[in-house]
Amino acid sequence: MGTENETANYKVKDIALAKEGRLKIEWAERHMPVLMSLRAKYKQKKPLKNLRIGGCLHVTKETAVLVETLRDLGAKVAWSGCNPLSTQDDIAAALAAGGISVYAWRGVSKEEYYWCIDRVIDLKPNITVDDGADLVFYLHEKRQEHMASVIGGCEETTTGIVRLKAMERAGLLKYPMMSVAEAKTKADFDNIWGTGQSTMDGILRSTNIMFAGKTIVVAGYGHVGSGIAARARGLGGNVVVTEVDPLPALTARMEGFQVMPMKEAAKVGDIFITATGCTKVITAEHAALMKDGAILCNSGHFNVEVDVASIEKISSKKREVRPNNVEYTFRSGRKVFVLAEGRLVNLASAEGHPSEVMDMSFANQLLSILSLAGRAGKKEKLDPGVYEVGWEQDALVARLKLESMEIAIDKLTAEQMKYLSSYGKGT
Ligand SMILES: NC(=O)c1ccc[n+]([C@@H]2O[C@H](COP(=O)([O-])OP(=O)(O)OC[C@H]3O[C@@H](n4cnc5c(N)ncnc54)[C@H](O)[C@@H]3O)[C@@H](O)[C@H]2O)c1
C-alpha cells in the first residue's frame with residue numbers, strides 16, 4: 001500500500017518524491033501551450049467554481065497539468081490512476097503535496113485499484129473524467145447512491161467509448177458522456193503520433209533492442225496501430241500488420257506493409273505489438289510458433305490482448321531479466337519475452353505520450369468539461385448517452401495548436417466560399 005495522509009486526503013507511494021515530480025510537471029507545462037493558454041484565459045473567471053470533478057486517468061506529468069488547471073478554474077478535484085502500472089509516483093506525490101486528493105501509486109493490486117476509485121467517488125463528483133471507463137462503470141454498478149449529483153463525464157480512450165456505447169445500447173448509461181476519445185484533435189494525433197512514439201520509447205527502455213533488421217508485427221491497423229507501424233518502420237523495422245477488418249488491412253498493404261494472419265506472422269516476427277482493443281490477439285498457440293527470443297508487448301488499453309496467462313501455462317520457467325521484461329522459457333527450451341506484463345507498454349515501461357500531443361487531448365478534456373459545466377442546471381442539459389465533442393471544438397484546438405507553433409494558414413476568400421457552396425460552375 002502507498003503512504004497515506006488522512007487529513008490531506010491522499011494516498012501515494014512516497015510524498016518525498018514531490019520535488020522531482022514538480023520539476024517534471026513544469027517541463028510538461030512548458031510543452032502544453034494550448035492547455036496553458038486555456039488555463040490563463042479562464043483562471044480569473046473560475047467557471048468550475050462549486051463543481052467537484054473526479055478523475056480516473058493515468059497519473060502522468062501531463063495529467064497533472066490538466067488536474068491543476070481544473071483546480072485553478074475553481075473545481076475541487078479527486079484523482080486515481082486508470083491502470084495498475086501507469087502511475088508515476090513522483091507526479092502523484094507532487095499533486096498530493098499541492099493539495100490535490102490523489103489516490104494512486106504504481107503497482108496497485110486489483111483491490112487497491114478499486115479502493116482508489118472508491119475514494120474518488122467519495123468526493124461525490126459532479127463530473128467524471130475517465131480513461132477506459134472504469135470510474136463511470138464502477139459508479140453505475142457499485143456506488144449508485146452518488147449518481148444523482150453527476151451532470152456528465154468525459155472519456156479519453158477508444159476502449160472506454162466501446163464500453164460506454166455498449167452500456168448505452170443496453171440502456172444502462174445514466175448520464176451524458178463526452179467522447180473526447182473520438183475528437184479529431186485527439187484520436188488523429190494522440191493515438192497515432194503519441195502512441196507511435198511512446199510505444200517505441202517503452203520497448204526501447206525495456207529492451208534497448210535494435211529495430212533495424214528486425215520484423216515487427218503490429219496487430220491492429222487503426223489509429224494506434226498505424227502510428228506504431230510508421231514509427232517502427234522509421235526505426236528500420238520490416239513491419240507486418242495483422243487485421244480483422246478488410247479496410248484497414250487494405251490500407252496497410254497500400255502503405256507498403258505486409259499483411260497476414262497472426263498464425264503466419266507468429267512464425268516470422270521478432271517483436272510483436274498489439275494495438276487492437278480486442279482480447280486474446282496473441283495466445284499461447286501463437287507463442288508456441290514464435291522464434292526463440294521473440295518480444296511481446298501491448299499498447300491497447302487493457303492487458304487482455306497478449307494472453308500472458310496462457311503463455312505462462314506452457315512455460316516451465318519465468319524470470320525478470322530487465323525492468324518490465326519477463327522471460328518465459330518453454331519446455332522446448334525456446335524463450336519469449338513479455339514486456340510490462342502485457343499492460344500498455346508506453347505507459348508502464350516509459351512515460352506515456354509526449355506533452356506536446358497530450359496538450360491537444362487535454363485541451364479537449366478541459367473544453368468538454370467546461371461545456372458540461374456550462375449546461376449544468378440549464379435547459380440545454382444533455383440526456384444520457386455518448387456525445388461527440390463537435391467540429392467547433394476540434395477547430396478551436398487545432399487553431400490554438402497551430403498558433404502556438406507560429407503557423408499561419410490561408411483563409412477562404414468570399415469568392416472561394418461561394419464557389420465551394422455552389423453547383424453551377426462545371427467544365
Ligand atoms: N497506449 C496508449 O497510450 C493508448 C492511446 C490511445 C488508445 N489506446 C488504446 O489502443 C487500442 C486501439 O485504439 P485505436 O484508437 O487504434 O482503435 P481503432 O478502432 O482505431 O483501431 C483498432 C484496430 O484493431 C483492429 N482489430 C480489432 N480486433 C483485432 C484482432 N483480433 N486482430 C487484429 N486486429 C484487430 C480493428 O479492426 C481496428 O482497425 C484501444 O484499446 C485504445 O483504448 C492506447
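Residues numbered from 1 in each chain as written. Predicted model: local features only at pLDDT ≥ 70, side-chain atom pairs only at ≥ 80, totals over all residues. Heavy atoms only, no water.

1. Comments concerning the pattern of salt bridges
Consideration 1: Using the criterion set out here, one finds 25 salt bridges in the structure.
Consideration 2: For K24, the salt bridge is made with D90, and the minimal N-O distance between the two is 2.6 Å. Of this pair, K24 sits in helix α1 (residues 18–30) while D90 sits in helix α4 (residues 89–97); the two residues are 66 residues apart in sequence, bridging distant segments of the chain.
Consideration 3: We note a salt bridge from E312 to K318, for which the minimum N-O separation is 3.5 Å.
Consideration 4: Here E312 falls in the partly exposed class, since its relative accessible area comes to 36%.
Consideration 5: Because the salt bridges share partners, they merge into one network encompassing E29, R39, K43, R71 and D72. (Salt bridge = Lys/Arg side-chain N within 4 Å of Asp/Glu carboxyl O. Helix = DSSP H or I, 4+ residues; strand = E, 2+ residues; numbered from the N terminus. Buried < 20%, exposed > 50% of the residue type's maximum accessible area, 1.4 Å probe, protein only.)

2. Notes on the packing of helix α2 (residues 33–42) against helix α16 (residues 391–404)
Consideration 1: Running from N to C, α2 and α16 point in directions that differ by 105°, and their axes come no closer than 9 Å. In terms of their interaxial angle, α2 and α16 are classed as roughly perpendicular. Contact residues: P33, V34 and L38 in α2; L400, K401 and S404 in α16. (Axes fitted to C-alpha atoms, helices over the stretch in contact; angles between N-to-C directions. Parallel < 35°, antiparallel > 145°, perpendicular 65-115°, else oblique. Contact = heavy atoms within 4.5 Å.)

3. Looking at the domain arrangement of the chain
Consideration 1: One can read the domain layout of the chain as domain 1 (3–182 + 352–404) and domain 2 (193–343).
Consideration 2: Computed over C-alpha atoms only, the centres of domain 1 and domain 2 are separated by 30 Å.
Consideration 3: Listed by partner, the interface residues are 16 residues for domain 1 and 11 residues for domain 2.
Consideration 4: Regarding the contact of domain 1 and domain 2, the summed buried area is about 1000 Å², with carbon and sulfur atoms giving 59% of it.
Consideration 5: Connecting domain 1 to domain 2 are 4 residue pairs in polar contact (both at pLDDT 80 or more).
Consideration 6: Per-class residue counts for the side of domain 1 that touches domain 2 are 5 nonpolar, 7 polar and 4 charged. (Domains from an automatic or database assignment. Buried area = accessible area lost by both parts, 1.4 Å probe. Polar contact = N/O pair within 3.5 Å; in protein donor to acceptor, adjacent residues only side chain to side chain. Nonpolar A, V, L, I, M, F, W, Y, C, P; charged D, E, K, R; others polar.)

4. As for the site of the ligand
Consideration 1: What surrounds the ligand is a group of 26 residues, the closest being T157, T158, T159, H223 and E243.
Consideration 2: Take T158: an N or O atom from its side chain is 2.7 Å from an oxygen atom of the ligand.
Consideration 3: Calculation on the ligand without its partners gives an accessible area of 860 Å², and the protein chains cover 85% of this total.
Consideration 4: Only α7 (158–169), α8 (184–207), α9 (223–234) and α14 (345–348) provide two or more residues apiece to the shell around the ligand.
Consideration 5: By residue class, the composition of the shell around the ligand is 8 nonpolar, 16 polar and 2 charged. (Near = heavy atom within 4 Å. Areas by Shrake-Rupley, 256 points an atom, 1.4 Å probe, with all protein chains shown as cover.)

5. Regarding the sheet that holds strand β16 (residues 335–339)
Consideration 1: Pairing is mixed in the open sheet, where 8 strands are placed in the order β11-β10-β9-β12-β13-β16-β15-β14. In this open sheet, the two edge strands, each paired with only one partner strand, are β11 (258–259) and β14 (315–322).
Consideration 2: One ladder, built from 6 bridges, connects β14 with strand β15 (residues 325–330); its direction is antiparallel. Along β15, the bridge assignment pairs R319 with E327.
Consideration 3: Its contacts with the sheet put α9 on β9 (215–219), β10 (238–242) and β12 (271–274), and the angle it makes with β9 is roughly 170°. (Pairing = 2+ DSSP bridges.)

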